[in-house]
Amino acid sequence: MTARVLIVDDAITLTGFLKDLIEEDGYLVDTADSAGTARAALNAHPPDIVLLDAELPDGTGYALCQSMRGDPLSREIPVVMMSACSRAVDIEKGQALGADAHLAKPFTASELMAVVARLLTETPGLAGRANA
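Residues numbered from 1 in each chain as written. Predicted model: local features only at pLDDT ≥ 70, side-chain atom pairs only at ≥ 80, totals over all residues. Heavy atoms only, no water.

**Q** I would appreciate a short explanation of the side chain of Asp48 in the present structure.
**A** Looking at the secondary structure, you find Asp48 in the loop between helix H2 (35-44) and strand S3 (49-53). By relative accessible area, Asp48 is classed as buried at 11%. Within the local environment of Asp48, its side chain forms a polar contact with the backbone nitrogen of Arg4, the two atoms lying 2.7 Å apart. (Helix = DSSP H or I, 4+ residues; strand = E, 2+ residues; numbered from the N terminus. Buried < 20%, exposed > 50% of the residue type's maximum accessible area, 1.4 Å probe, protein only. Polar contact = N/O pair within 3.5 Å; in protein donor to acceptor, adjacent residues only side chain to side chain.)

**Q** Can you help me understand the nonpolar core in this one?
**A** Soluble globular proteins tend to bury their nonpolar side chains together. Grouped together as the largest cluster of nonpolar side chains are 21 residues, with contacts concentrated most on Val5, Ile22, Tyr27, Leu51, Val80 and Leu112. Mapped onto this core, the elements with two or more residues apiece are strand S1 (4-8), helix H1 (12-24), S3, strand S6 (79-83), strand S7 (101-104) and helix H5 (109-122). Among the elements that make up this core, the one with the highest residue count is H5 (six residues). The residues contacting Leu51, other than those within four sequence positions of it, are Val5, Leu6, Ile7, Val8, Ile22, Val80, Met82, Leu112 and Val116. By size, the runner-up hydrophobic cluster in this structure holds 19 residues, among which are Val8, Ala41, Leu52 and Ala99. (Core = buried A, V, L, I, M, F, W, Y, C linked by side-chain atoms within 4.5 Å. Contact = heavy atoms within 4.5 Å.)

Now the structure itself:
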């Protein structure tokens, strides 16, 4: 079974690049440009992992991550926070709200794919789906 990735970022160029990159590795990819569209995507096609921008036009990725952790349907989905802010306080904030990893923008394709593969392998019920 192929793993599904949800990319939540309002930067259309970055989202397109990430989508193409991740699909090249054989994953299914959905995108959302706001917290609202991300919530709809989480319900319509529950992903196996979420790549979540810290700042969204209708709220923060931190708030969405916290909301996911409070929802039985999404609490186990790994979340990778993506942020231009890589200060320790920002990373700690994401971890405190339930993020499983943090990628500082800009990051490399290999950094991203390594984090995705690691989290899919480490997540119960998803082992073996890292390489689709």
